[in-house]
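Below, each chain spelled out in residue letters.
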Amino acid sequence: ISAGGGAARQSRQRPMAEGAQGAAGACGDHGPRWALPLRPPLCLACSVETLGDGSLVRKKHVLSRLQDALAWQALPVVQLLAQDERVCLHLIGTLFGKSSAEAWYSILILFFCLVLVRLVVELKSEQYLHCILDESQKELCKAATMRSSLPTFSLLGKLADAIPGFADILVVKHNNLVDHLLMGLTYPNEGIKAAVCYLYGKLYSSPVGKERLSGHFEERLCGVFLNTLECAQTKELQVNCLGLLKELLKSEHFVSSLMNNSKTEEETENPDFLEGENPLPLVLKKLLLTRDEMLQAASSHCMAAVLVHSPSRYAPAFIHADVPEFLFECLLCKSEILIWSVYCCLLLLTEERLFFSKCHTVYGIESLVRSLQGVLLLNNVELNKQGLLLFTEILKRQPVEIKLFTNRGVCIEAIDVLMETVNCPVLEVAVEAVKAVAAFLRKDHLSCPPVPYEELQKLLEAVLKRCADLSPPQSSKRHLWPPLSHPANRNLGRVPQRQGQFLLNTLESFRNACRLAVQFQGDFMAQENAFTAPNSESKDTLSNFSEFLLRICDSLCIPMVMSYLERAVSPSVAEVFISALNTLFTVVPSMRNKFSKKLASSSFIRLTLELKARFCSTLLVISCLLIFLFLEQDMSELLLKGLPQLNYTIAESLLLLSETPEPFILDQSLCSHQHCFILLLYFAYTFGDRFVPDAELFLAVRNFLLSAQDHGDCPPPYILRAAFYLLAVCQDKGKALDRSLSAIKRILDNLPDLSLVYVHCPLLLKFFLRYPELMGRFGHQVLQLWFSWEDCKQTEADEADFGTSSQLNTANPLLPILKSNSSILLILLDLVSSSSVEVAWKVLMTLRTFLERNEDVLVCDLLRSRFLQILQQQLVESSSATLQANRNLPVLLSLLFLVQLRSKGVRELDSTDLRLLHQVSNLCGKCRPRDTDLLQPSLNFLYWSLHQTTPCSQQRAVAVLLSNVSLLELLQKVLECTWLWSPPSRPAYLSSEDALLCSGWLLVASLLLYQHRYNTEVHQTLSVDLTEVLNAVIFRNKKPILLIMQFLRAVLRQNFSSSLLVIVAQNTVPSATQPQPSSLQDTALHPLAMQQVFSLVVSLQNLLVHKDLLLSQAVVACLETLVEYLYVKNQDVALHVASQPWHRFLLFTLLSGGQKSFLQPEVLRLMTLFVRYQSSNIISQKEISQIIQEAAEANIAELSEATSCALQRMGREPLGVCFDL
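Attention in this report is confined to the structure presented alongside it. Treat the numbers as computed from the prediction; the structure is a model and nothing was measured.

1. Examining the overall build of the chain
For step 1, the next point in the chain: Scanning the chain for helices and strands turns up 65 helices and four strands.
For step 2, the next point in the chain: A buried classification covers 53% of the 1221 residues belonging to the chain.
For step 3, the next point in the chain: Only carbon and sulfur atoms are counted for the fraction: they give 53% of the accessible area of the chain, which is about 55200 Å².

2. Here we look at the packing of aromatic side chains
For step 1, the next point in the chain: In this structure the tally under the stated criterion is 22 aromatic pairs.
For step 2, the next point in the chain: Their ring planes at 70° and their centres at 5.0 Å tell us that Phe217 and Phe254 sit as a pair that is edge-to-face. With a gap of 37 residues between them, Phe217 in helix α13 (residues 214–231) and Phe254 in helix α15 (residues 252–258) connect regions that are remote in the sequence. For the pair Phe217 and Phe254, one class covers both residues: buried.
For step 3, the next point in the chain: Geometrically, the ring pair formed by Tyr1010 and Tyr1014 is stacked, given 6.3 Å between the ring centres and 25° between the ring planes. One end of the pair is Tyr1010 and the other is Tyr1014, both in helix α55 (residues 992–1014) and four residues apart, which spans about a single turn.
For step 4, the next point in the chain: Residue Tyr1014 is classed as buried on the basis of its relative accessible area, which comes to 17%.
For step 5, the next point in the chain: Following the ring pairs from residue to residue traces out a cluster consisting of Tyr200, Tyr204, Phe217 and Phe254.

3. Quick notes on unusual backbone geometry
For step 1, the next point in the chain: Omega for the bond connecting His1086 with Pro1087 falls within 30 degrees of zero, at 10°, which places this linkage in the cis form.
For step 2, the next point in the chain: Within the secondary structure, Pro1087 sits in the loop between α58 (1076–1085) and α59 (1090–1105).
For step 3, the next point in the chain: Phi angles above zero are rare outside glycine, and Asn1015 is one such case at about 50°.
For step 4, the next point in the chain: As for its placement among the helices and strands, Asn1015 is situated in the loop between α55 and β3 (1022–1025).

4. Description of the layout of surface pockets
For step 1, the next point in the chain: Approximately 500 Å³ is the volume found for the largest pocket.
For step 2, the next point in the chain: Taken together, 17 residues make up the lining of the largest pocket; nearest its centre are Arg848, Pro890, Ser894, Asp933 and Pro937.
For step 3, the next point in the chain: Of all the elements in the fold, those that place two or more residues in the lining of the largest pocket are α48 (837–853), α50 (888–902), α52 (932–947) and α55.
For step 4, the next point in the chain: In the lining of the largest pocket, the residues fall into eight nonpolar, four polar and five charged.

5. Quick look at the pattern of salt bridges
For step 1, the next point in the chain: Here the structure, examined in full by the defined rule, presents 21 salt bridges.
For step 2, the next point in the chain: Here Glu382 makes a salt bridge to Lys385, at a shortest N to O gap of 3.8 Å. One end of the pair, Glu382, and the other, Lys385, are both in helix α24 (residues 381–397), three residues apart, so they sit about a helical turn from each other.
For step 3, the next point in the chain: With a closest N to O distance of 2.8 Å, Asp694 and Arg690 form a salt bridge.
For step 4, the next point in the chain: Among the charged side chains, a network of salt bridges with common partners joins Glu366, Arg370 and Glu413.

Quick notes on the rules
- Residues numbered from 1 in each chain as written.
- Predicted model: local features only at pLDDT ≥ 70, side-chain atom pairs only at ≥ 80, totals over all residues.
- Heavy atoms only, no water.
- Helix = DSSP H or I, 4+ residues; strand = E, 2+ residues; numbered from the N terminus.
- Buried < 20%, exposed > 50% of the residue type's maximum accessible area, 1.4 Å probe, protein only.
- Areas by Shrake-Rupley, 256 points an atom, 1.4 Å probe, with all protein chains shown as cover.
- Phe/Tyr/Trp six-rings, centres within 6.5 Å; stacked < 30°, edge-to-face > 60°.
- 1 Å grid on protein atoms, 1.4 Å probe; cavity = no way out; pocket = protein on both sides within 12 Å on 5 of 7 lines; lining within 4 Å.
- Points joined across faces, edges and corners; volume = space filled by probe spheres on them.
- Nonpolar A, V, L, I, M, F, W, Y, C, P; charged D, E, K, R; others polar.
- Salt bridge = Lys/Arg side-chain N within 4 Å of Asp/Glu carboxyl O.

Structure representation (structure tokens):
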């Protein structure tokens, strides 16, 4: 059965294969002439015969081969057919005839049509087109039914689609076919209707077709077509109808016919007319309801094509048909084409007021906002722009009485969308977004409580920051613009214009926000958030929003606009900017003054003058006036009169200042202009806007003052104040004043009070102190005013806050003036005596800072006598009870000590020095130990006076101090405070109490030394507990340990025997278990005990391990003195102490600090101590020789003086090796 079945299949396939081979192979009957160069070869003659009489399978095969031949080998086919026109016509007729005769095979019909169309296209001959059209006419006429005409209509449509001029040939030379088309459109078969509509669309796409078929459409086709469109059920017919409609809507004439323009305007506005036959708006609305995105897009596109001709004429029909409602619903789709079409249609509808009054925008605003959110994700620049443009138009045109955002959530979503689009990297999208923001900032759009102030702040900040990012830095040249990196930002030549437009739109947004804040001030519901919880503070308030507007204007808006106007002159930008500033003045009235000063410091005056001179804009002048009214109320009348008339450039205004009025005629207008311009310059220069060359301004102001003096004119004090300030500011660039000084002196002498023209400015102070004539006459008054205005609260922290002299000079500008002219110091000292306590304190603080920072200024002799007078005056005016309340006295004493430090070398004390010494010591006697501010500089002064003088003067100074009983009593109290003051913590820095203790111990040690040296008479003794002193060193629990060791050295050298000092020592009672030698040693060392000596030595060794330079010097010196004292009292004890094994380990520790560490003076002195007292177990003779040998090899020039002295002392020891340094 299987074999039989296979044979049967082979018998059926053999004729088919043979037929195919006969049709396609090389033909012996027709010869190679008709063979086409295909693989396998194709005989064209056989193909024609097969198409005429062959079977269905062979026809299909031949058509496929012909289609391939025309597609890939068209030229050989055309050349072959061109040899015999009859064959070509026969082939065309065969193809056309078969396409009609075998209509029941739809696929075969398609094959015949495609091959025929391709053949005619390749032949490029109008003759064959006429042939086909004639055959089509015949076929349509003899057709028994309209159904059989479908292949013909389809063929004509394909020919019209493939051949550009086919439609013109049909309507001009074969227009009788049009009647058959109309008949096909009325036939109840949607396939035929679809083919006819497609052909109609091609005919009406041709200008010739539109002209020839215009009457046909109006008279016969219009109604039939609308009925067909309305009743279309298949998608093919709907699409073809919309294609035809699209072509028709390109012509205003056809649009008028389709929209029933023959009706009157009253009928058009009447919604009842929509119930008539097939109105186009309802038909298109029906297509919107299909939920087919392609049909919806085509429908909305057709609506836009109608509206674009005349929105006011055709929009009402669509609005009455509620088409906008369904358009808004279509925005929720994902099709970019549909969204674009809907955007375009709605944008055209916004031009009709009925679109808003019917509340379609209220219904659709949520859909639009969410559509914009979705479009942002599509990365379609044009679609983003179109959507934002629609949103902007709706926001602009929405009537005030109809609230657009009835839901606060939608309003917040709209703000979020605007913020995202503003931050879009594509500049074109951001520009449209900023326009939308400007339109959005309206009270009626945001009046739905609570007002989202925080979201509005974020939106405005995003807009301004985006605009600032586009702007070049202020230092950029006018022709340099930052490139835009996003690939969509092409057309770089237009970038500056776009940036200017972006800035203008940004300023409009900011201005609208300012107006919004002002409008909400009268709305109680808008001022506070109604939904804030009780007893809680909300940030979402109008006051916070208003303050934000001021801050953002200060930080972003003003710098950005001023930078732009420096590079380009734009009246529109300037006008919107100043309009926004005018509005901003009423937003937060309490901030007007600060805001005005900020504007003045941002080159606003220069900008206003330039724009006023160029455009003569009254608005600009009034705005400038409003701003400066808040700067100086006294000058408002002058500015009100002068600003509107000040139409000069800056160069002309400078010439105006130098202009001299006619003799005996006082030109009020000239004076008003001069005064007005001087005030503007004063305001500008006060806030750093120096837009006039200093040298030219200096000369102009000087000439103005000379002219006023010569003509007896007396300008108001505020004009003189401004003029002197400008002179002071420009004096470094201008020429020195010569004969004009006398005129300036006369002007100042005529003033009742110099404070009327005083400006607290370092340059003005320098101006008065620069010229001796002015300093001698007005220096005292000017410095008095300077210190009255100056805030010196930070003076005490100047040293910590300002590390460099330039920084300090900036903080206190009087310092460099003092350095250049030291005679001003005498005026300052006079101020200390004659001024108030507050001013005197400021002067003293300034002098102290000056002396601390300028060591090279030799003013000691100049100041010392004046200090004595001031100190005597202070002491006379202050009693003992009020000394502590006098805060000038500590500063004066600090200055006195600084002057003492400035004295170079050793000098004799004169009468002034001794009187100062007497006064200061008396002052100390009146103080308490807690008066550290007074005692610290005083004790330092006394100590320095003892040491910085000759022996003869030193003896006199010691006598003066020791004769002052109250001073010695105070020192006794200070020493006792060492054991009483116990701070809870041990800070790293030295407190004022600890510093006083250091000064007290140091002074007592000096007095002990010099009293013993000069055997000075003592009137009051000091007592010290030796145990406390030793414990302070042993346990290291007191800050002034260095000075206590200094004191200990002094008493050790005097063997605890001094007329000035009484040693209080606890008696050491030997116990029963203690051996007797120990008691004998204690007796020999009295008042020291053996145990105390060892504890002291161990403590000193531990202090040496710290390797602190000052501490090491003091410890080694104390150790040397202690061993010397012990050697005198008991040699065995001294040698025992010097030979302690611990010393060797200590020495190794000190020498481990690195190479050449033995050359440190302290280490050398310590080794010398061990050598002197024969401590061979600590350091051997060999080690000493090696050290001295290495020291000899060192570079002597590089050794310090202390190291050289220590080496010499070591070399002079008996066990040392003498060597020459």
